[in-house]
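# Results of the structural survey
Read off the chains here:
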Amino acid sequence: MIVTATTGAFFPVANYSPEFRESASGKLGGSIDAPRVDNYKKCSICSLQIKANSQASPHVNGSNVCLKHDHRLNIDPFGQGKLMQDGFVFRQSFSIRSYEIGADRAASIETMMNLLQETSLNHAKSVGLMGDGFGSTPEMSKRNLIWVVAKMQVLVDRYPTWGDVVQIDTWIAASGKNGMRRDWLVRDSNTRDILMRASSLWVMMNEETRKLSKIPGQVKTEIEVNFVDLPRVLDWDSKKLPKLDEITADYTRTGLTPKWSDLDVNQHVNNVKYIGWILESAPMQELEGYELVRMTLEYRRECRRDSVLQSLTSVLQNAVGNLANSSNVECQHLLRLESGEDVVKGWTEWRPRFANREQ
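Throughout this description, residue numbers start from 1 for each chain and increase along the sequence as written. Under the rules for a predicted model, residues below a pLDDT of 70 receive no local features and side-chain atom pairs below 80 are neither given nor counted, while totals for whole chains, interfaces and linings still include all residues. The basis for every side-chain value is the complete set of heavy atoms in the structure, and neither hydrogens nor water enter the calculation.

Turning our eyes to something else, we now look at the overall build of the protein chain. For helices the rule is a DSSP run of H or I covering at least 4 residues; for strands it is a run of E covering at least 2, with both sets numbered from the N terminus onward. When its secondary structure is counted, the protein chain shows 5 helices and 14 strands. Relative accessible area decides the class of each residue, using a 1.4 Å probe on protein chains only: under 20% of the type maximum gives buried, over 50% gives exposed, and in between gives partly exposed. Going through the 359 residues of the protein chain one by one, you find that 54% of them count as buried. Entry remark: accessible area of the protein chain is about 16300 Å², with carbon and sulfur atoms responsible for 47%. The Shrake-Rupley method, run with a 1.4 Å probe, gives the accessible areas here. Residue values count only the displayed protein chains as cover.

Here we take up the pairing of strand β5 (residues 145-156). Most of β5 sits out of view: 12 of its 12 residues are buried. Here, strands pair whenever DSSP counts at least two bridges between them. Both β5 and strand β11 (residues 290-299) contribute to a ladder of 5 bridges, which runs antiparallel. From the neighbouring strand, Lys-151 faces β11, where its bridge partner is Glu-298.

To continue, consider the packing of helix α2 (residues 109-126) against helix α5 (residues 271-280). Lines fitted to the C-alpha atoms define the axes, with helices restricted to the stretch that makes contact. Angles between their N-to-C directions range from 0 to 180 degrees. At a minimum axis distance of 9 Å, the contact between α2 and α5 shows a crossing angle of 165°. On the basis of their axis angle, the class for α2 and α5 is roughly antiparallel. Our pair here, α2 against α5, has a crossing hand that is right-handed. Touching Ile-109, Glu-110, Met-113, Asn-114 and Gln-117 of α2 are Asn-271, Val-272, Ile-275, Gly-276 and Leu-279, all from α5. Comment on the angle field: the value is read as roughly parallel under 35 degrees, roughly antiparallel over 145, roughly perpendicular from 65 to 115, and oblique elsewhere. If you view the pair so one helix is near and one far, a crossing is left-handed when the near helix is turned anticlockwise from the far one by less than a right angle, and right-handed when it is turned clockwise. Residues count as neighbours in contact if any of their non-hydrogen atoms are within 4.5 Å of one another.

Here the focus is the layout of surface pockets. As defined here, a cavity is a set of points on a 1 Å grid over the protein atoms alone where a 1.4 Å probe fits but cannot get out. A pocket is an open set with protein on both sides within 12 Å along at least five of seven lines, and residues line them when an atom is within 4 Å of a point. Grid points are joined across faces, edges and corners, and a volume is the space filled by probe spheres set on the points. Roughly 430 Å³ of volume is contained in the largest pocket. Lining the largest pocket are 18 residues, with Asp-104, Ser-108, Met-284, Trp-350 and Arg-353 positioned closest to its centre. Taken together, the elements giving at least two residues each to the lining of the largest pocket come down to α2 and β11. It is β11 that provides the largest number of residues to the lining of the largest pocket, a total of 3 residues. Split by residue class, the lining of the largest pocket holds 11 nonpolar, 2 polar and 5 charged. For the purposes of this description, domain bounds are those given by an automatic or database domain assignment. Summarising the domain contributions, the lining of the largest pocket has at least three residues from each of domain 1 (75-236) and domain 2 (237-358). In this structure, the second largest pocket occupies an estimated 360 Å³ of space. Where the lining of the second largest pocket is concerned, the elements lending two or more residues are β11, β13 (329-337) and β14 (342-352). Put simply, Ala, Val, Leu, Ile, Met, Phe, Trp, Tyr, Cys and Pro go in the nonpolar bin, Asp, Glu, Lys and Arg in the charged bin, and everything else, Gly too, in the polar bin. Residues of the lining of the second largest pocket, tallied by class, amount to 5 nonpolar, 5 polar and 11 charged.

Written as structure tokens, this is what we have:
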């Protein structure tokens, strides 16, 4: 079973695939021109092209507006966000608060993931897909269906600092017959630099039976008009990880239990909390000179209020603590119930802190 999440929501990269370079650069503000396609819609301001789902119909904000340029009339700083690209892309800005930064004076990964979650919910609300459930559509609520996250991948180029304003664009797309993909693109509102990219896969689960469900036709009708034909901002990592258990793990943390504040409105642990638990067993004293830049999470099972968990970490490339060695460090993670069932499997990559900053 896959862990529940009540949100409709879960870095620049040097080695993008050629397909992504060609298709995304013109659509998401990159530097490489995308090939022209006849049925792409043009931004009314700069004529940048974007292709929408053939079944989707324009439904908000009048003129088509692209992501490439600032277009001051369409910015909504500190508000509830705006629908862009004929309503297929949702944009919202946030200011990084003092209580959202860590000892390194930068926003934490949990802060960034919470912002992605907030943007996703506001997106769902803005297009009328919020039913009685938190993050569920009206037809989903009638059938006791909720979205659950199956996989999340994140790539960070730079973490924002206190006072920075970040602009987050998010959109949804079909993923197979019974899945939905949600992507995010995070920029510095001032410099327009890309700070972070994230892609996630979501499936449906019956809240009463706790079993995965096919997407009913009525629900598909509700959501598919909001699907956009944009490429995934990140290619899925197909890395095969060795088995991790208490014998092969380098670091283990036991006795982890949810607090009341960790629960969502459905009395389940919020998916962002799992990230903090995963890092509980990371060797932070040794990783003090590193920062998390890439993360892949596979959610296997839900976690409830009375769960007791173990966090296990194995260092795959042991250059930790040797700042003279500028290579990145990879870690494998496992969050599991004390009874032995896997909750989340993960992989992280860490780079020497400030390695990518301008001197």
